[in-house]
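# Summary of the model geometry
Here are the chains, one letter per residue:
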Amino acid sequence: MMDLSAYRDIFIEELNDQLERMDQSLLALELSPSVELVQTLFRAAHTIKGSASTMDFRELSDLTHEVEYALEWVREKKPEMTSELIDTLFRSLDAMKVLRDQYIRGEAYGDFRAVVREIKDLIQTQAAVGQLKVPQLQSAESIVAQVAIVSGKQLLSIHIVLEQKCMMKAARYHILRQRIEDICGTVVATSLMESQPGAQNEDDHYGQFIIIVATSKDPQQLKAELSSDSDIHMLEIDPYLLESNEVAAGSAPLELISETEQTKQSLPALNTTGPDEKVKAAQPTVRVSVERLDHLMNLVGELLIDQTSLADLSGSGARKESSSLIQSIGGVSDHMGRVIKELQEGVMKTRMLPIDQLFSRFPRLVRDLAQKLGKDLELVIQGGETELDRMIIEELSDPLIHLIRNSADHGIESAVVRGELGKPSKGRITLTSFHEENHVVIRYSDDGKGIDGEKIKASALGKGIISEEQAARLSTQEAVHLIFEPGFSTASSVSEVSGRGVGMDIVRSQIGRLNGIINIDTEVGVGTTFTIRLPLTLAIIKGLLVKVSGRVLILPMYNVAEIVRISPEDIQMIQGQQAILNHGRIVPFHRLCDRLNYPRTDRKSKTIPLVIVRSVDKIAAYAVDEIIGNQEVVIKTLGTYLGAMNHLSGATILGNGKVALILDASYLVSL
C-alpha cells in the first residue's frame, strides 16, 4: 500500500484552506444568497471529499459526500435559504472541523451519523415540499368549499410529511385522514405525491400529502392535537382562500390558493450576480508569492557578486596600494550592507500574512454568539490587508476571541435595552488594523454600555484583588485596567460564554508575550475601545543594549517607554517599596542587577541611568550601569536544555561575536 504520510502536511494545509473558504462562503450566503456562493461551497466540498478519499480518510470523505450532495441539491433546486438550512450546513461544517482536529491529533473519530441524518431529513423535507402541488378543486369540491365559508367555517390546508422510517405509509395516511375528518368535520380535497417513474416502493406515494378541510377549529389548537403523532416529520397548517374573481364569475370551478404557496411563488430567485463583496479565499500560511522569492533570489545573486569582488580584492591585495585597496573594500562593503538590509526586509516579508487570515474567523463566532445570547450583533472589519508576522497572528487569536465574547455577553446591551436608550437595536463590534511607524495597531471597539471604573474598583475591592489603600490611589481610568487581573469578573453568574474571570487575564498575558501594549478607552453608555500595539515581527527586533554588572543585556525597544537619569534622592519609599515619580505617576523602582541576582558594581557617576519598561498595561523602572545604545538584533531561541528561564526571551550574537541575552519585558514588569 502506498505510504501517504509524506503528503499529510500538504493535505492538512489544503483542508484548512477549503474549510475556511466554506465558513466564509456560508456566512456570506446567509446574508445574500447567490448561485456563485453556492458554487464556491460545492467546489470546496468536492475538493475536500476527493483529498480525504485520496488520503484514505473515509470518515471525512463520507461526511463531506453528504454535504456535497446537499449543496448539489441547493444548486439545482434553488430552495429558500432558510435559517434551518443554513444552520444545518454550519453544523455539518463544524463536524468536518472536528474530524480534521481528530485526524491531526491521531484520536479516535467521533460518530457523526446524527449530522448525516439531519442533512438527509432536511433535504427530504424541503425537496418533498417543493414537489407536492396545491390540489386543484373540482366543481363539486368548490361548491362544498363555498357552502362551508357561507356557514362561517374557514378553509385550512394541512400539509403533512411522514418520517422516512415510518412503516406502511399508506395505512398511516388513511388513519390520519380519518382522524382529521373526525376533528374538523369536512374534508374538501386531498393531494398525494405523484409516483416516481421506476419507483420500487409505492408506499412512498403516501410519504406526504395535503388535506384541505372546512372547519371552525383554531389552527393552533388543531396543530397541537395532530403534532403528538410520532410518525409525522413535518406539519404545516395554513389558511386557504378562494380566488375572488372566480367566486364572482360563478361559472368556472373554484380553485383554492394557499397563502403560503403564493408567498413562495413570489419569492425572488437566488441572486445570480453574487453579493457586492466577494468571499476572500484563505491564503495558506506556508505559501510565499513567487515575486517575493524572485526578489530574494536576485538579492542572493548580488551577494554572490560581492563575494567574488572580495575574493578578487584579496588576491590582488599585494599588488595594490593600501589606500586604493581600502577604498575598494569599502565600496564593496557598503554595497553588501545595502543588499543585506534589503535581504533582511525581504525575508521578514516572507513571514508576513494579511491579518485578514485571523479576522476572517470572527464573523462566524459573532453569529453564533448572537444566536446563543439572543442579541442582534454586527461585526465590521477594516484593514484586513495589514500584514503581520504569522506567528503573532496565531498568538492573537485567543485574546481577540476573549474580547469578542466579553463584549457580546457583558458590553453590548439587549435589543430592548438599546431601544430604551435610543441606540440602534443592532450592536456593533468593530475590528480595525493598520500600520503605525514600526508596529501594527489593532483597534477593537463596541458600542455597548462601556466600563464603569468605580464599579470595577468596588468589585476588585470586594474580591480582595486590591486593598483599600490601593483603591484610594487609583483613578477611574486606572481602575478600568483591573479587568485584566486574574480571577476578576463583574458577571453575576457564570454563563456558557463568560463570567469565570479568566478571559481578560489571558488577553493581558498573551499580549505581553508578544511584546505588545494594550490601552483601554471607555465611556459609560457609549462603548469601549481596546487599542493593541504589536511589533511587526518577533524574529528581528530593535533592542536597547545596556550594561549590568559587566554584562551586556538587551531590552526590546518596543517595551522601552523612556530612558532617564535620576539622582539617588529621587527614589522614594511607598508602602515599603522603592518607587519614583515619572510625569506625575508612581512607578516601581528596581535595580536590574538585583532582579537578575548579579553582583552590584560601584557607581562612579552621581546620577543613575534608568530604563522605564512597559508591557501591556504595566510599567516599571530599572536602574542599569550603562546605556550603550540601540541596534537591530536577530532573536535566537535558547531551547529547553537551559530549563525555565522566564526572564529571558532569547539571545543574539553581537558584532564582536559575543552572546547577549534578551530580557523578557512582560516578566520584568510583573515582578
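Here the structure is a predicted model, which means the values were calculated and not measured.

Thresholds, definitions, all that
- Position numbers for residues start from 1 in each chain and track the written sequence from start to end.
- Two thresholds apply to this predicted model, a pLDDT of at least 70 for residue-level local features and 80 or more for giving and counting side-chain atom pairs, whereas whole-chain, interface and lining totals are computed over all residues.
- Side-chain metrics rest on all non-hydrogen atoms present in the structure, leaving aside hydrogens and water.
- Any two of the Phe, Tyr and Trp rings considered here, Trp counted by its six-membered ring, make a pair once their centres fall within 6.5 Å; the pair's planes then place it as stacked at under 30 degrees, edge-to-face at over 60, or tilted in between.
- Under the DSSP-based scheme used, a helix requires at least four consecutive residues in state H or I and a strand at least two consecutive residues in state E, with every element numbered from the N terminus.
- With a 1.4 Å probe rolled over the protein chains alone, any residue whose accessible area is under 20% of its type maximum counts as buried; one over 50% counts as exposed, and the rest are partly exposed.
- At least two DSSP bridges between two strands are needed for those strands to be called paired.
- Between the N-to-C directions of two axes lies an angle of 0 to 180 degrees, each axis being a line fitted to C-alpha atoms and, for a helix, fitted only over the stretch in contact.
- Here, the term nonpolar core denotes a set of buried Ala, Val, Leu, Ile, Met, Phe, Trp, Tyr and Cys residues that are joined through side-chain atoms within 4.5 Å.
- Any pair of residues with heavy atoms lying within 4.5 Å of one another is described as a contacting pair.
- Should a side-chain nitrogen of Lys or Arg be within 4 Å of a carboxyl oxygen of Asp or Glu, the pair is scored as a salt bridge.
- Nitrogen and oxygen atoms within 3.5 Å of one another constitute a polar contact, given that in protein one can donate a hydrogen and the other can accept it, and given that sequence-neighbouring residues count only through two side-chain atoms.
- Summary of the metric used: pLDDT quantifies the predictor's per-residue confidence within the range 0 to 100.
- Patches in this entry comprise residues that are over 30% relatively accessible and not in a salt bridge; like charges within 9 Å are linked, as are nonpolar side chains (Val, Leu, Ile, Met, Phe, Trp, Tyr) within 5 Å.
- Here, Shrake-Rupley sampling with a 1.4 Å probe gives the accessible areas, and only protein chains in the shown set may cover a residue.
- Residues scored as charged are limited to Lys and Arg (positive) and Asp and Glu (negative), so that His and the chain ends carry no count.
- Think of each charge as sitting on NZ of Lys, CZ of Arg, CG of Asp or CD of Glu.

## Examining the packing of aromatic side chains
Aromatic ring pairs: the centre-centre distance and the angle between the two ring planes describe each pair. What the rule picks out here adds up to six aromatic pairs. With a centroid separation of 5.5 Å and 80° between ring planes, the pair formed by Phe-11 and Tyr-103 is classed as edge-to-face. Of the two residues, Phe-11 sits in helix 1 (residues 8–31) while Tyr-103 sits in helix 4 (residues 83–105), which places them 92 residues apart along the sequence. Residue Phe-11 shares its accessibility class with Tyr-103, and that shared class is buried. Between Phe-57 and Tyr-103, the ring centres sit 4.6 Å apart and the planes meet at 20°, which makes this aromatic pair stacked. Taken together, the residues span a long stretch of sequence, with Phe-57 in the loop between helix 2 (35–54) and helix 3 (58–77) and Tyr-103 in helix 4 at a distance of 46 residues. Residue classification places Tyr-103 among the buried positions, given a relative accessible area of 13%. One aromatic cluster is present, formed by Phe-11, Phe-57, Tyr-103 and Tyr-109 through successive ring pairs.

## Observations concerning the pairing of strand 18 (residues 585–591)
Pairing of strand 17 (residues 577–582) with strand 18, which is carried by four bridges, proceeds in the antiparallel orientation. Of the residues in strand 18, the one forming a bridge with Asn-582 is Arg-585. Hairpin connection from strand 17 to strand 18: two residues lie between these consecutive antiparallel strands, with His-583 at a positive phi of about 55°. Note: strand 18 against strand 20 (residues 618–623), three bridges, orientation parallel. Across the sheet, His-590 pairs through a bridge with Tyr-622, a residue of strand 20.

## Observations regarding the sheet that holds strand 10 (residues 439–446)
The sheet built from five strands is open, its strands ordered 7-9-10-12-11 with mixed pairing. On the outer flanks of this sheet lie strand 7 (377–382) and strand 11 (517–523), each paired with one strand and no other. Between one strand and the next, the sheet's axes are offset by a mean angle of 15°, whatever the strand orientation.

## A short note on the nonpolar core
One finds Phe-362, Leu-396, Leu-400, Ile-442, Ile-483 and Phe-530 to be the most contacted residues of the largest nonpolar core, which totals 47 residues. At seven residues, helix 15 (residues 390–411) tops the list of elements feeding residues into this core. Those residues in contact with Leu-400, other than ones at most four positions away along the chain, are Leu-358, Phe-359, Phe-362, Leu-431, Ile-442 and Ile-532.

## A few points about the pattern of salt bridges
Under the criterion given, the structure shown has 26 salt bridges. Residues Asp-229 and Arg-172 are paired through a salt bridge, measuring 3.2 Å at the closest nitrogen-oxygen approach. Residue Asp-229 is found in the loop between helix 8 (219–226) and strand 4 (232–242), and its partner Arg-172 is found in helix 7 (residues 169–184); the two are separated by 57 residues along the sequence. Close ionic contact of Arg-361 with Glu-394 constitutes a salt bridge, the shortest N to O distance being 3.1 Å. Residue Arg-361 is found in the loop between helix 13 (356–359) and helix 14 (362–373), and its partner Glu-394 is found in helix 15; the two are separated by 33 residues along the sequence. Accessibility expressed as a relative area gives 41% for Glu-394, which makes it partly exposed. Within the structure, one salt-bridge network assembled from shared partners comprises Asp-23, Glu-30, Asp-87, Asp-94, Lys-97, Arg-364, Arg-367 and Asp-368.

## Some thoughts on the side chain of Glu-413
Mapped onto the elements of the fold, Glu-413 is located in the loop between helix 15 and helix 16 (415–420). Within the structure, the side chain of Glu-413 is placed 3.1 Å from the side chain of Arg-418, a separation counted as a polar contact. Side chain to side chain, Glu-413 and Lys-423 meet in a polar contact 3.0 Å long. Discounting residues that sit within four places of it in the chain, Glu-413 has contacts with Lys-375, Arg-418, Leu-421, Lys-423, Asp-447, Gly-448 and Lys-449.

## Digging into the side chain of Ser-407
Summarising the element assignment, Ser-407 is placed in helix 15. The class of Ser-407 is buried, set by a relative accessible area of 4%. Polar contacts involving the side chain of Ser-407 include one to the side chain of Asp-446, which spans 2.8 Å. Those residues within four positions of Ser-407 in sequence are excluded, and the remaining contacts are Ile-412, Ile-429, Tyr-444 and Asp-446.

## Here we look at the confidence of the model for the protein chain
Overall, the predicted model of the protein chain reaches an average pLDDT of 79, with 84% of residues at or above 70. Within the protein chain, the lowest mean pLDDT, 38, falls on helix 10 (residues 259–266), and the highest, 92, falls on strand 7. A low-confidence stretch, residues 244–286 (pLDDT under 50), is modelled with 80 contacts involving residues beyond four sequence positions or located in other chains.

## A closer look at a negative patch on the surface
A surface patch of negative charge is lined by Glu-302, Glu-342, Glu-345 and Glu-632. Along the polypeptide, Glu-632 turns up in strand 21 (residues 626–634). The class of Glu-632 is partly exposed, set by a relative accessible area of 42%.

## A short note on a nonpolar patch on the surface
A contiguous nonpolar patch, built from Met-297, Val-300 and Leu-304 and spanning about 290 Å² of accessible area, is present on the exposed surface. Relative to the helices and strands, Leu-304 is located in helix 11 (residues 290–315). With relative accessibility at 49%, the residue Leu-304 sits in the partly exposed group.

## Description of the pairing of strand 13 (residues 540–548)
Where burial is concerned, most of strand 13 is hidden: seven out of the nine residues are buried. Relative to strand 21, strand 13 runs antiparallel, the two being bridged by eight bridges. If you follow Ile-540 over to strand 21, its bridge partner there is Val-634. Where strand 13 and strand 14 (residues 551–556) come together, six bridges link them in antiparallel fashion. Bridge pairing in strand 14 links Leu-544 to Leu-555. Hairpin connection between strand 13 and strand 14: a loop of two residues separates the two successive antiparallel strands, and Ser-549 in this loop has a positive phi of roughly 55°.

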